[in-house]
Amino acid sequence: MKQTAENVGVYGKKRKCAGLIFLLITLLLYFIIFLFNADVFFLSLRYFVRIFSKIFYIVIIVFVFIFLTNLFLKPKFIVRHLGKESGTKGWIIVIVSGIISMGSIYIWYPLLKELKEKGMKKGLIATFLYNRAVKIPILPLMVYYFGWLLTLLLALYMVIFSVFLGIIMDRIS
Amino acid sequence: MLPILLAILLLISLYVTIIPKSFYAKVFTKNPIIDSIIGAVLGSISTGNPATSYIIGGELLNAGIALFAVVAFVTSWVTVGIIQLPAECYFLGKRFAVARNILSFLFAIVISILVVLTLKIL
């Protein structure tokens, strides 16, 4: 189908509606839980407030990133550094940025969607998401429970397999 | 974007409240191969801070669960996201999200085997 401005607008509205419907279903679920078990309802709500307050500032940072991306990162730039011709540089960029990225995974999805629409390779998106699993600030905790050798090996294998994942995702996309 | 984020956070809060941490230790069989798969499945359907997975993983090890299973559990906890799947499908496409999660699940098992074997060699 030819992608006209009108089509894009209708598609955007549908996506917005889908998001609102999803939220309404979730709120309905909470309402049902409240009727049957108020304790679970309040404990869940308390947990929600706690994680929301924790990630709130990161959500704002991501929104700023999206704004700056739209402002400065033109599709040509993305295609050159993170597109099909990006080569080794593209892999290094997503591995490092995946490892140092912070916050919950779902707050990064909108930014990745923007980058994908501007020409970022799907394999690089998959590699970025996989490398978010390697969290340097909490590695000491992992060392405490599993020892430094296992921690190091796991991190190393994860980085290697993130590239395999990216390559396979590119092949099947 | 905001309604989806709020819905996902609400669902995660509900999940974390309903599933107690003690649940994880009850489902392992002490068979390393089966436990690796169980570990990867449990890690995939779990969510939250990775630090929580390390704490649960450490306790599982203390309870005598095989290292294969614990590594698969910790790896899939951070790489597979069944709870986040609706959001990933919404933003990055259903095909991408499903393929990525299936591959990450399989990789969690492969990585757990490789890590334990490498540890044994070293």
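Refer to the structure above for everything that follows.
What counts, and at which threshold
- The written sequence of each chain sets the order in which its residues are numbered from 1.
- Chain labels run from A onward and ligand labels from 1 onward, assigned in the order the entries are written.
- Since the coordinates come from a predicted model, pLDDT governs what is reported: local features require at least 70, and pairs of side-chain atoms require 80 or more to be given and counted, while whole-chain, interface and lining totals use all residues.
- Think of the side-chain values as coming from all heavy atoms in the structure, minus any hydrogens and water.
- Here the axes come from fitting lines to C-alpha atoms, over the contacting stretch only for helices, and the angles between their N-to-C directions go from 0 to 180 degrees.
- Each helix corresponds to a stretch of at least 4 residues labelled H or I by DSSP, and each strand to a stretch of at least 2 residues labelled E; elements are numbered beginning at the N terminus.
- With respect to orientation, any angle under 35 degrees is reported as roughly parallel, any angle over 145 as roughly antiparallel, any angle of 65 to 115 as roughly perpendicular, and every other angle as oblique.
- Crossings are sorted by hand: turned counterclockwise from the far helix by less than a right angle, the near helix makes the crossing left-handed, and turned clockwise it makes it right-handed.
- Any two residues whose heavy atoms approach within 4.5 Å are treated as being in contact.
- Each residue is assigned to one class: nonpolar for Ala, Val, Leu, Ile, Met, Phe, Trp, Tyr, Cys and Pro, charged for Asp, Glu, Lys and Arg, and polar for all the others, Gly among them.
- Definition of nonpolar core: a set of buried residues of the types Ala, Val, Leu, Ile, Met, Phe, Trp, Tyr and Cys, connected through side-chain atoms within 4.5 Å.
- Any residue under 20% of the maximum accessible area for its type is buried, any over 50% is exposed, and the rest in between are partly exposed; the area is computed with a 1.4 Å probe on protein chains only.
- Domain delimitation in this document rests on an assignment produced automatically or drawn from a domain database.
- Throughout, buried area stands for the accessible area (probe radius 1.4 Å) lost by two parts on being put together, summed over both.
- Only one rule defines a salt bridge in this text: a Lys or Arg side-chain nitrogen within 4 Å of an Asp or Glu carboxyl oxygen.
- Any N or O atom pair separated by 3.5 Å or less is treated as a polar contact, with the protein-specific requirement of one donor-capable and one acceptor-capable atom, and with residues adjacent in sequence counted only for side-chain atom pairs.

Enquirer: Give me the lowdown on the packing of helix H5 (residues 109-117) of chain A against helix H6 (residues 122-131) of chain A, citing residues and values where you can.
Expert: Residues and elements named next belong to chain A. In the contact formed by H5 and H6, the axes pass within 10 Å of each other and the chain directions differ by 160°. Of the possible angle classes, the one that applies to H5 and H6 is roughly antiparallel. Between H5 and H6 lies a crossing of right-handed hand. Between H5, through Tyr109, Leu112 and Lys116, and H6, the contact on the second element is made entirely by Lys122, Ile125, Phe128 and Leu129. Grouping the amino acids of the contact of H5 with H6 by side-chain chemistry returns five nonpolar, no polar and two charged.

Enquirer: Hey, could you go over the nonpolar core for me, with residue numbers and the actual values?
Expert: Counting residues in each nonpolar core, the largest one holds 76 residues, and the members touching the most others are Tyr106(A) and Leu129(A). When residues of this core are assigned to domains, at least three map to each of domain 1 (1-36) and domain 2 (37-172) of chain A. What Leu129(A) contacts, discounting residues up to four positions off in sequence, is Ile105(A), Tyr109(A), Leu112(A), Glu88(B), Leu92(B), Phe96(B) and Arg100(B).

Enquirer: Give a detailed account of the interface of chain A and chain B, specifying residues and quantitative values.
Expert: At the junction of the two partners, chain A supplies 54 residues and chain B supplies 54 residues. Both sides together, the interface formed by chain A and chain B hides about 5200 Å², and carbon and sulfur atoms give 83% of it. Summed over the three residues of chain A that lose the most area to chain B, namely Phe22(A), Tyr106(A) and Tyr109(A), the buried surface amounts to 12% of that side. Applying the counting rule to chain A against chain B returns zero salt bridges. Here chain A is connected to chain B by seven residue pairs in polar contact (both at pLDDT 80 or more). When contributions to the side of chain A that touches chain B are tallied by element, the ones reaching two or more residues are helix H1 (5-36), helix H2 (38-72), H5, H6, helix H7 (139-146) and helix H8 (148-172) of chain A.

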